[in-house]
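The chain contents come next:
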Amino acid sequence: VLYLAGFQPAVDDAVKTQAADAALDVTQPANLIVTGADDGHDHAGETEEEHAEHAEGAKDLHFWLDPTRMAAVATTVGEHFAEADPENAATYTANATALAGELTTLDEEFTAGLATCESTDLVTGHAAFGYLAARYGLGQEGIAGISPDAEPDAAALRDLVEHVRESGVSTVYAETLVSPALAETIARETGATVAVLDPLEGLTDASAGADYLEVMRANLKTLREGQGCT
């Protein structure tokens, strides 16, 4: 079982009870970031201990939106399979190396494609794009928190509308699998347009590609247009 601890508690429980000796948690190579600053909730009035406890739980799990983290995970998986099945170790290693190479190329495409943009403010449906933003010099402002269910209150929504106006943001990004209502509200209030970014939390017939690489390249095209990149 390849899994990310803490992503889906039911999977964690199943691994613990059914596959404790046949599982690989990719948390370490994914190099996850813990953040409590952009989770969509108002924490005014919390004690220092309460805020620290909350922040510990606000771990951003969307590592796959940074191709370099995906490459590190691919390498780790290849090494683990090679150790578990020595007879086919060379195949696992070669496949992992090839995938890491494809992901490195993808990273280079994003680096070049987002190097010169009119806007570096990335306003997204929920705060799923933190790794991508950090990797390529963008500043993420999530309408909702790390979880798309963590919707902002009226004050937070008002502040975000003001930020979009003051920053001259021309594009607000809705997402696949999540209602675009909040993004459309921000756009309507500010005169921005709405485009769709895919956080790759699931593929559907409406996805802009059939696999990770295709969808990520579609995301890059959308970002270049929305951020005014040359």
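Scroll up to find the structure this text is about.
This write-up is about the structure you can find in this document. (Residues numbered from 1 in each chain as written. Predicted model: local features only at pLDDT ≥ 70, side-chain atom pairs only at ≥ 80, totals over all residues. Heavy atoms only, no water.)

## Some points on the overall build of the protein
Link 1 in the chain: Along the backbone of the protein there are nine helices and eight strands.
Link 2 in the chain: Out of the 230 residues in the protein, the part that is buried amounts to 42%.
Link 3 in the chain: For the protein, the proportion of contacts with a sequence separation of at least 24, taken over those separated by at least 6, is 58%.
Link 4 in the chain: If you sum the accessible surface of the protein, you get close to 12,200 Å²; carbon and sulfur atoms cover 51% of it. (Helix = DSSP H or I, 4+ residues; strand = E, 2+ residues; numbered from the N terminus. Buried < 20%, exposed > 50% of the residue type's maximum accessible area, 1.4 Å probe, protein only. Contact = heavy atoms within 4.5 Å. Areas by Shrake-Rupley, 256 points an atom, 1.4 Å probe, with all protein chains shown as cover.)

## Re the state of the cysteines
Any covalent bond linking the sulfur atoms of two cysteines counts as a disulfide.
Link 1 in the chain: Under the counting rule described, the total for this entry stands at one disulfide.
Link 2 in the chain: Disulfide partner of cysteine 117: cysteine 229, at an S-S distance of 2.0 Å. Looking along the S-S bond of the cysteine 117-cysteine 229 disulfide, the torsion reads about 95°, which is the right-handed sense. Taken together, the positions of cysteine 117 in the loop between helix 5 (89-113) and strand 5 (121-126) and cysteine 229 in the segment after helix 9 (212-226) put the pair 112 residues apart, joining distant regions of the chain. An identical accessibility class is assigned to cysteine 117 and cysteine 229; each is buried. (Disulfide = S-S within 2.5 Å.)

## Things to note about the packing of helix 5 against helix 9
Link 1 in the chain: Running from amino to carboxyl end, helix 5 crosses helix 9 at an angle of 5°, the nearest separation of the two axes being 10 Å. Put simply, helix 5 runs roughly parallel to helix 9. Residues Glu102, Leu103, Thr105, Leu106, Glu109, Phe110 and Gly113 of helix 5 lie in contact with helix 9, whose contacting residues are Tyr212, Leu213, Met216, Arg217, Leu220, Leu223 and Arg224.
Link 2 in the chain: A per-class count over the contact of helix 5 with helix 9 returns eight nonpolar, two polar and four charged. (Axes fitted to C-alpha atoms, helices over the stretch in contact; angles between N-to-C directions. Parallel < 35°, antiparallel > 145°, perpendicular 65-115°, else oblique. Nonpolar A, V, L, I, M, F, W, Y, C, P; charged D, E, K, R; others polar.)

## Notes on the sheet that holds strand 7 (residues 171-175)
Link 1 in the chain: The strand order across the open sheet formed by four strands is 6-5-7-8, and the pairing between neighbours is parallel. Every other strand in the sheet has two partners, leaving strand 6 (139-144) and strand 8 (193-197) as the edge strands with one partner each. Here the average twist between neighbouring strands, direction ignored, is 30°.
Link 2 in the chain: Pairing between strand 5 and strand 6: five bridges, direction parallel. (Pairing = 2+ DSSP bridges.)

## Points about the packing of helix 4 (residues 67-84) against helix 5
Link 1 in the chain: Running from N to C, helix 4 and helix 5 point in directions that differ by 180°, and their axes come no closer than 8 Å. Viewed along their axes, helix 4 and helix 5 adopt a mutual orientation that is roughly antiparallel. Here Pro67, Thr68, Met70, Ala71, Ala74, Thr75, Gly78, Phe81 and Ala82 of helix 4 come into contact with helix 5, specifically with Ala89, Tyr92, Thr93, Ala96, Leu99, Ala100, Leu103, Leu106 and Asp107.
Link 2 in the chain: Its residues placed into classes, the contact of helix 4 with helix 5 shows 13 nonpolar, four polar and one charged.

## Re the packing of aromatic side chains
Link 1 in the chain: All told, the structure shown has four aromatic pairs when counted by the stated rule.
Link 2 in the chain: Note on phenylalanine 63 and tryptophan 64: the rings are 5.6 Å apart at their centroids and 75° apart in plane angle, and the pair reads as edge-to-face.
Link 3 in the chain: Residue classification places tryptophan 64 among the buried residues on the basis of a relative accessible area of 10%.
Link 4 in the chain: Aromatic side chains phenylalanine 81 and tyrosine 92 sit 5.5 Å apart centroid to centroid with 75° between the ring planes, which places their arrangement in the edge-to-face category. Of the two residues, phenylalanine 81 sits in helix 4 while tyrosine 92 sits in helix 5, which places them 11 residues apart along the sequence.
Link 5 in the chain: Among the residues examined, tyrosine 92 registers a relative accessible area of 24% and is labelled partly exposed.
Link 6 in the chain: Ring-pair connections join several aromatic residues into one group, and the members of that group are Phe7, Phe63 and Trp64. (Phe/Tyr/Trp six-rings, centres within 6.5 Å; stacked < 30°, edge-to-face > 60°.)

## Some thoughts on helix 9
Link 1 in the chain: A rise of 1.5 Å per residue sets the reference length of helix 9, with its 15 residues, at 21 Å; its end C-alpha atoms lie 21 Å apart and thus fit the reference within 8%.
Link 2 in the chain: Taken together, the buried positions of helix 9 are Tyr212, Leu213, Val215, Met216, Asn219, Leu220, Thr222, Leu223 and Gly226.
Link 3 in the chain: The distance from a side-chain oxygen at the start of helix 9 to the backbone nitrogen of leucine 213 is 3.3 Å, and the residue carrying that oxygen is aspartate 211.
Link 4 in the chain: Remark: glycine 228 follows helix 9 within two positions and exhibits a positive phi of approximately 65°. (Expected span 1.5 Å × (residues − 1). Polar contact = N/O pair within 3.5 Å; in protein donor to acceptor, adjacent residues only side chain to side chain.)

## Topic: the pairing of strand 7
Link 1 in the chain: Within strand 7, five of the five residues are buried, leaving the element largely enclosed by the surrounding structure.
Link 2 in the chain: Here strand 7 shows no split at all, with Thr171, Tyr173 and Glu175 on one side and Val172 and Ala174 on the other all buried.
Link 3 in the chain: Where strand 5 lies against strand 7, two bridges are found, and the strand directions are parallel. Within strand 7, the residue paired with valine 123 across the bridge is valine 172.

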